[in-house]
Amino acid sequence: MPVYVRKNVFTPPSIDNVSSEDEDDYLQDPELLRDDLPQPYRMIDKILSMVLDTVWDIISIKERYRLAQESKIRPPRYDSAQEMQPAFSKVTEMTNSVDGRYIFVGLPNSLTVMDAMTQRIVTSWEEDQLEITQIKAHIMGVQTYLIVTVDDMGIARLFAFAFDCLFLLKILNEPDGGTKILASKCEASIEGDYVGIVVENPSTKETWLDIHKTPRDAWLRELDVIQAQIAPKEETGGDKTQTETSMYNREPQDKPEKKKKKQKRKEQSPEPVTRPVTPPTLTDLSSYKFTSPTLVVKIRPTPPITGCSCTLSVACNKVDQGEVIGSGQNHIVTPQHFALRDKMFDHLHENVLQYIPPKDPLAAENIVMPNFHFLTAGRMVSPGLEQTTQAAQPTTVAVWWDGGSHIMHYSLIKGGKDIEHKADLVWPFTCNIKCSATTLCDTFIAVGLDNGTVSLWDWHIGVDVGIISVSTETSIERLRFLDPTICADEQRSYPPYKTRVSTCLVIQCKNGAQYLHNTAAGSTIAPLCISEEPENEDEYETILQTMTDVPEVLLVVEKSGHLLLKDVTTGFKLCQLCLPITYKLASPWQPVFAFGGGGQFVYVKGELLYEDSEPEADTNSADQEASEQTETDAQNVASDQKVASDPKIASDQKVGIKQKVASDLKVASDQKIASDQNVASEQNVASDQKTASDQNVASEQEEVKAAGVCMSQMFFFPLRSFPTLDKYWERRRTPVDLRVHSTVENRLQALMEARWEEQALRKCRMQMRWKMLRDELELVNLRRDMTNKSLSQTFYTESTYRTSPPIF
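Conventions adopted
Residues numbered from 1 in each chain as written. Predicted model: local features only at pLDDT ≥ 70, side-chain atom pairs only at ≥ 80, totals over all residues. Heavy atoms only, no water. Helix = DSSP H or I, 4+ residues; strand = E, 2+ residues; numbered from the N terminus. Buried < 20%, exposed > 50% of the residue type's maximum accessible area, 1.4 Å probe, protein only. Contact = heavy atoms within 4.5 Å. Areas by Shrake-Rupley, 256 points an atom, 1.4 Å probe, with all protein chains shown as cover. Salt bridge = Lys/Arg side-chain N within 4 Å of Asp/Glu carboxyl O. pLDDT = per-residue confidence, 0-100. Pairing = 2+ DSSP bridges. Phe/Tyr/Trp six-rings, centres within 6.5 Å; stacked < 30°, edge-to-face > 60°. Lys NZ or Arg CZ within 6 Å of the ring centre and 35° of its normal.

K.L.:
I'm lost on the overall build of the protein in this one. Help?
P.N.:
Secondary structure summary: the protein contains 15 helices and 36 strands in total. Across the 808 residues of the protein, 33% fall into the buried class. Excluding contacts between residues fewer than 6 apart, the proportion of contacts in the protein whose partners are at least 24 apart in sequence is 56%. When the accessible area of the protein is evaluated, it comes to approximately 52800 Å², of which 54% is carbon and sulfur surface.

Structure follows, in structure tokens:
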């Protein structure tokens, strides 16, 4: 009878011969030597151990963070915010003048000029349904300011502020009955010679950049004419008022007996009031006409590279002489080649491309915005370099577009009717550009890249100073050049005059870390880290703004809404500016603030907090509570260190915690059934309460508006009264200009002066020369004698011919 025997029979092991998975468990937990749990319970035990270890690690991290926060030195808090006039409660945008004398404020339906020291309204320009969102101010002449504004309707305007009056110079994108063009950004050069406006066509969704040349000299002459016309009116009004006052106060020569009656009557009568001379009205100011700016260059974004269907000869004709590196638009690559490359790429990466989410056809396309800087003449774009009329005036505009890797340089003084010409210079980079910055004198240009490096250029000489490697993990987000006075006086001697090359560059990465780099070092020295990556996301700094008169102090705005002043050279936080407890900073990402008086005042806009809203946690109260419980925390830390130092106590404590966690999980599982039954009812109640609270908040806001209470308020801080800033105000600073490169005439003059200085020492040099001449003549004579002596001596040798007798 055949017997069928199964092969590969597996016999499950018994509990006695099961080997422990962790052979060292008996050293840590002796109970496992006697109790080897079966599989389900062993898995549960491992899960509980893992949960316990994870919770213990989280507790340790939080404890270390708490101890680190307590060990930090908190900057002093100043609650000296003072409220401004109710007229400034609805400020939309504000900026300060370059000299710090005035603050230009954008209000609903008006543009107002305020005195920076006294908070007094100087003048205003009003228009209905106007809300200014951007304001830039530049010095155009002596006590004459050019103001560039953009409102919420996308209209860019140019104003002139002179002799306490505002004049509307020009509306750059004024609709002429056709398609409405919207302005998204408008900036001017330092002295207002050129104005760049970024415009958008809503119908075609096209964006481009227009550069206008302003008739600055003509505007200054026209303003002088207007001032001459207004001055006689003021004098006439003042003389008339003084005449009326003198006639009213004139007393006839009365007799002595009538003086007493007249004195009583004079005491009972009111005193005469002198009426001030009113400034010109808006109707008078709007009647003046000014010269219109001239469109110089129109720059459109670089189109994407596509296939070329032209022949080789046609493509070669489009190529220039080759002295300028182009953007890659002129090529002979056919569309079929691009299609084959795309097909090959899709075939090679088919398994990865399936995870890319599909594009939403209804999603709005991102508008590409340009970033531009006005530059003076340099060696790389030479037109206007040696012209005295173009000294310190912009001759080039550098433009780069979001998501691009090229910087295009366009000449502003190139003649011709074609305003959409090609770039005169192209800077290509290996990755996308994230940010850029220039010095006030346009000597240095810094470009921040996506790969965490910064490219530094000397624009005037046309030399790449160096590539600064900042970080390999994140990109560059913000760049800012500081005042050269805070750097060491390092000069390089380029005969016949010295050249200053040192200034500081503040670099902020995307992760929040900040670095300080000295341009004199180039790329030989790594930048100094002044601020590490913030551990808390609320400590991320969104705004960096320097003070005019105190360049070492930097105003920073954190994501949490805190205003801080810190030393930019060390990164040390000097103080914190605190608004009243019922207000918070309006929009930490784009706060409304401005400096006044060169940094003596800072103006900040705050928003009102409601009772039902959740205000931010007050760090000051938390610090006070932490300081009150310092002794208790120290005792707890000491006990924790004692427990950690004793391994027996730590193991017993861990086992006890494990048993407690198991019991808590068991109780929680029992309570879960009862809690699940009440979830639906609690959610309904919570939703009802949320709806009711939202309605209450909305009703309170309507009541506040109806009662006339402002939801926002302007405050100012007197920074000059802060004790922590005294040592910075006491420092003396000498203005330094990095623009040391001059024209040919100045260089020749410097060479001649150096030659004249050398001629003054000619007598001393000639005396030393004659003194050394005797020694030189003796050496020459000695050499000549030795040569003659050597020639007079004749040396003879024996003859090799045997038959001839020897001579000697």
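K.L.:
Whenever I open this one, the pattern of salt bridges confuses me. Can you help?
P.N.:
A pair can form between side chains of opposite charge whenever their charged atoms are brought close. In total, this model carries 13 salt bridges according to the counting rule given. In this structure, the salt-bridge partner of Arg157 is Glu127, at a minimum N-O distance of 3.5 Å. One end of the pair, Arg157, is in strand β9 (residues 156-162); the other, Glu127, is in the loop between β6 (121-126) and β7 (132-141), with 30 residues separating them in the sequence. Residue classification places Arg157 among the buried residues on the basis of a relative accessible area of 5%. Glu127 gets classed as partly exposed once you look at its relative accessible area, which sits at 33%. Ionic pairing is found between Glu552 and Arg731, a salt bridge with its closest N-O pair at 3.6 Å. Residue Glu552 is found in the loop between β29 (541-546) and β30 (553-558), and its partner Arg731 is found in the loop between α13 (726-729) and α14 (744-760); the two are separated by 179 residues along the sequence.

K.L.:
What is the right way to look at the confidence of the model for the protein in this model?
P.N.:
Low pLDDT marks stretches whose predicted atomic positions should not be read closely. Per-residue confidence for the protein averages 76 on the pLDDT scale, and 67% of its residues sit at or above 70. Contacts from residues 240-278, a stretch scored under 50 in pLDDT, to residues over four places away or in other chains number 13 contacts.

K.L.:
Help me understand unusual backbone geometry in this model?
P.N.:
The phi angle of most residues is negative, glycine excepted, and most peptide bonds adopt the trans form. One non-glycine residue, Gln119, lies in positive phi territory at about 60 degrees. Relative to the helices and strands, Gln119 is located in the loop between β5 (110-115) and β6. Overall, the relative accessible area of 13% leaves Gln119 in the buried class.

K.L.:
Just checking my understanding: could you explain the sheet that holds strand β1 (residues 77-78) for this structure?
P.N.:
What links the strands of a sheet is backbone hydrogen bonding, and the strands pair in either a parallel or an antiparallel sense. The mixed open sheet is built from five strands, whose spatial order is β1-β32-β31-β30-β29. The open sheet terminates on both sides in strands that have one partner only, identified here as β1 and β29. Pairing between β29 and β30: five bridges, direction antiparallel. Pairing of Gln545 across the sheet is with Leu555, part of β30.

K.L.:
What exactly am I supposed to notice about the environment of Leu220 here?
P.N.:
Relative to the helices and strands, Leu220 is located in helix α3 (residues 216-249). Once the C-alpha coordinates of Leu220 and Thr144 are considered, the two residues, 76 residues apart in sequence, prove to be 8.2 Å apart. Excluding residues that lie within four positions of it along the chain, Leu220 makes contacts with Met140, Gly141 and Thr144.

K.L.:
I keep staring at the packing of aromatic side chains and nothing clicks. Help me out?
P.N.:
One pair of aromatic rings is described through two measures. These are the centre distance and the angle between the planes. In this structure the tally under the stated criterion is 19 aromatic pairs. A centroid spacing of 4.9 Å and a plane angle of 65 degrees characterise the contact between Trp125 and Phe159, whose relative ring orientation is edge-to-face. A residue pair is termed long-range when its members are at least 10 positions apart, and Trp125 in strand β6 and Phe159 in strand β9 qualify at 34 residues. Judged by its relative accessible area of 1%, Phe159 falls in the buried class. Taking 5.9 Å as the distance between ring centres and 40 degrees as the angle between the ring planes, the aromatic pair formed by Tyr603 and Phe716 counts as tilted. Taken as a pair, Tyr603 in strand β35 (residues 601-608) and Phe716 in strand β36 (residues 712-718) lie far apart in primary sequence, 113 residues in all. Accessibility classification places Tyr603 together with Phe716 in one group, the buried group. Over the ring of Trp208 we find Arg300, and its NZ or CZ is 5.0 Å from the ring centre. The ring centre of Trp729 lies 4.4 Å from the NZ or CZ of Arg720, which sits over that ring.

K.L.:
Even after reading the chapter, I still don't get the environment of Gly403, so can you show me in this structure?
P.N.:
Here Gly403 lies in the loop between β16 (396-401) and β17 (406-411). Residue class for Gly403 comes out exposed when judged on its relative accessible area of 55%. Note: C-alpha distance between Gly403 and Met369 (34 residues apart in sequence) is 9.2 Å.

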